[in-house]
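Next come the chains, spelled out residue by residue.
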Amino acid sequence: MMLRCVDLRVRLGDREVVRGVDLEVEAGSWVTIIGPNGAGKTTLLRALLDLVGASGHREVAGRNLAEIDGRERARLMALVPQIPEMPPAMRVTDYLLLGRTPHLGMLGVESAEDLAIVGDVLAQLDLEQLADRPLAQISGGERQRAVIGRALVQQVQLLFLDEPTSALDLGHQQDVLELIESLRHEHGLTIISTMHDLNLAGDFADRLVLLADGRVEATGSPETVLDPAVLGATFGTAVDVIEHEGRMVVLPRRSER
Ligand SMILES: Nc1ncnc2c1ncn2[C@@H]1O[C@H](COP(=O)(O)OP(=O)(O)O)[C@@H](O)[C@H]1O
Ligand SMILES: [Mg+2]
């Protein structure tokens, strides 16, 4: 088991936003959290990474998260945030190099190997042409790919992605998710993501977790969770689910006009 939490709870202000979540994620699997706006998806990811105060038990790679220090955590797991903070004047290459920080030696200087890893990821993400460009001068989708790149060069075992494709066009959406899928198969990476697009969620995850109002409403294979009755009740709109060549397609019904 790569990650486990029991009765995870997060209180923000006077509201409990994550309300008793139990989760088990097998090593090498891809779990995607879906659910309406405000369901607590981002907060749940942040709680799993210990970026927000939470109660409950958390375990990573069989060890209590509380016993793993910061540097080791950064070599075990990385987050691609939904709204990243990016220094506007920093060049794309230097931004990716930040992801190597937990691997640098005592002097904190990057080696030829670090630069080579960054170069490979820039190429994989179709960012080579932009390597020397300041972050302020690239598009939203290019920035989103740079954030993913920074997490990939970190070479972790557990990768968290918070709506990683929301700013990407159709082609880059597919490319980025397929790249992550191939890294998962080559290196046994474990992925925990949140996703807005239910079709992409069903296409790439082994298991979906449907979160509503801070609680797990349903969990299981995409075929089980992408159920018209379950989705209709949770998202408050009627949907049809059709199967096309072994993939699930979710179609919201049009209201009567
Ligand atoms: N700092 C905060 N204080 C109080 N409430 C918050 C804070 N941050 C987020 N929330 C609320 O917590 C709920 C869950 O937010 P979030 O985890 O971002 O949901 P999701 O990612 O599923 O859209 C929302 O209702 C949001 O308004
Ligand atoms: Mg969110």
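Counting of residues starts from 1 at the beginning of each chain's written sequence and follows it residue by residue. Written order decides the labels, with chains lettered from A and ligands numbered from 1. Confidence filtering applies because this is a predicted model: local features only for residues at pLDDT of at least 70, side-chain atom pairs given and counted only at 80 or more, and all residues used for totals across whole chains, interfaces and linings. To get the side-chain values, all heavy atoms of the structure are used, and hydrogens and water are removed first.

**As for the packing of aromatic side chains**
Reasoning step 1: Pairing of aromatic rings covers Phe, Tyr and the six-membered ring of Trp, with a centre-to-centre limit of 6.5 Å; geometry is then stacked below 30 degrees between planes, edge-to-face above 60, and tilted otherwise. Under the criterion given, the structure shown has 1 aromatic pair.
Reasoning step 2: Ring centres of Trp-30 and Phe-204 lie 5.7 Å apart, and the angle between their planes is 40°; on these two criteria the pair is classed as tilted. Of this pair, Trp-30 sits in strand β3 (residues 30–34) while Phe-204 is found in helix α7 (residues 198–204), placing the two residues 174 residues apart along the sequence. For the pair Trp-30 and Phe-204, a shared accessibility class is recorded, and that class is buried. Labels follow the DSSP assignment, with helices taken as runs of H or I lasting at least four residues and strands as runs of E lasting at least two, numbered in each case from the N terminus. When accessible area is computed with a 1.4 Å probe and restricted to protein chains, residues below 20% of their type maximum are described as buried, those above 50% as exposed, and intermediate ones as partly exposed.

**Re the site of ligand 1**
Reasoning step 1: Note on definitions. A residue lies near a molecule or strand when any single heavy atom of the residue is within 4 Å of it. Taken together, the neighbourhood of ligand 1 is formed by Leu-12, Arg-15, Val-17, Pro-36, Asn-37, Gly-38, Ala-39, Gly-40, Lys-41, Thr-42 and Thr-43.
Reasoning step 2: N or O atoms within 3.5 Å of each other form a polar contact, as long as, within protein, one can give a hydrogen and the other can take it, and as long as residues adjacent in sequence are counted only when both atoms are side-chain atoms. Between ligand 1 and the protein, one listed contact pairs an oxygen atom with a backbone N or O atom of Ala-39 at 3.2 Å.
Reasoning step 3: The method behind every accessible area is Shrake-Rupley, applied with a 1.4 Å probe, and residues are considered shielded solely by the protein chains displayed. Protein chains bury 58% of the 570 Å² of accessible surface belonging to ligand 1 in isolation.
Reasoning step 4: When grouped by side-chain class, the residues that make up the shell around ligand 1 number 4 nonpolar, 5 polar and 2 charged. When residues are sorted by character, Ala, Val, Leu, Ile, Met, Phe, Trp, Tyr, Cys and Pro go into the nonpolar class, Asp, Glu, Lys and Arg into the charged class, and all the rest, Gly among them, into the polar class.

**Re unusual backbone geometry**
Reasoning step 1: Positive phi outside glycine occurs at Asp-50, with the angle close to 65°.
Reasoning step 2: Along the chain, Asp-50 falls in the loop between α1 (41–48) and β4 (55–60).
Reasoning step 3: If you check the backbone angles, Glu-163 has positive phi at about 45° while not being a glycine.
Reasoning step 4: Following the sequence through the fold, Glu-163 ends up in the loop between β7 (158–162) and α6 (170–187).

**A few points about α6**
Reasoning step 1: Expected span of a helix, by definition, is 1.5 Å for each gap between consecutive residues, and there is one gap fewer than residues. The end-to-end C-alpha separation of α6 is 26 Å, in line with the 26 Å expected for 18 residues at 1.5 Å each.
Reasoning step 2: Of all the positions in α6, only His-172, Gln-173, Val-176, Leu-177, Leu-179, Ile-180, Leu-183 and Arg-184 are classed as buried. The buried residues of α6 all sit within an arc of 150° when viewed along its axis, so they share a single face. For α6, the exposed residues lying more than 90 degrees away from the buried face are Leu-170, His-185 and Glu-186.
Reasoning step 3: The contact rule is simple, with two residues in contact once any of their heavy atoms fall within 4.5 Å. Structurally, α6 contributes buried residues whose contacts are with β3, α4 (112–124), α5 (140–153), β7, β8 (190–194) and α7.
Reasoning step 4: Where α6 terminates, the next one or two residues include Gly-188, which has phi positive at roughly 65°. By definition, the arc is the one covered by directions from the helix axis to the C-beta atoms.

**Here's the deal with helix α9 (residues 228–235)**
Reasoning step 1: Along α9, the positions that sit buried rather than exposed are Leu-231, Gly-232 and Thr-234.
Reasoning step 2: Elements that come into contact with the buried residues of α9 comprise α7, β9 (207–212), α8 (222–225), β11 (239–244) and β12 (247–252).
Reasoning step 3: In this structure Asp-227 caps α9, since a side-chain oxygen of it lies 3.1 Å from the backbone nitrogen of Ala-229.

**Quick notes on the sheet that holds β4**
Reasoning step 1: What the 4 strands build is an open sheet, ordered β2-β1-β4-β5; its pairing is antiparallel. Only two strands of the sheet have a single partner each, and these edge strands are β2 (15–25) and β5 (63–64).
Reasoning step 2: When DSSP locates at least two bridges between a pair of strands, those strands are taken to pair. Pairing between β4 and β5: 2 bridges, direction antiparallel. When the sheet's bridge partners are listed, Glu-59 is paired in β5 with Asn-64.

**Here we look at the coordination of the magnesium ion (ligand 2)**
Reasoning step 1: Here the term donor refers to an N, O or S atom within 2.8 Å of the metal (or 3.2 Å for Na, K and Ca), and because water is left out of the atoms, sites may appear incomplete. The magnesium ion (ligand 2) binds to the protein through Thr-42 (OG1) and Gln-82 (OE1), with metal-donor distances spanning 2.0 to 2.4 Å. On the criterion of sequence distance, the pair formed by Thr-42 in helix α1 and Gln-82 in the loop between β6 (77–80) and α3 (92–98) is long-range, its members being 40 residues apart.

**Side note on the sheet that holds β7**
Pairing between the strands of a sheet is mediated by backbone hydrogen bonds and can be parallel or antiparallel.
Reasoning step 1: Spatial ordering of the open sheet is given by β6-β7-β8-β3-β9-β10, a layout of 6 strands whose pairing is mixed. Each edge of the open sheet is held by one strand with a lone partner, namely β6 and β10 (215–220). Taken over all neighbouring pairs, the strand axes of this sheet differ in orientation by 15° on average, direction set aside.
Reasoning step 2: Looking at chain direction, β7 and β8 are connected through 5 bridges and run parallel. Within the sheet, the bridge partner assigned to Leu-159 lies in β8 and is Ile-191.
Reasoning step 3: The sheet contacts of α6 involve β3, β7 and β8, and relative to β3 the element is tilted by about 140°. Axes, fitted as lines to C-alpha atoms, cover a helix only where it is in contact. Angles between the N-to-C directions of the axes lie from 0 to 180 degrees.

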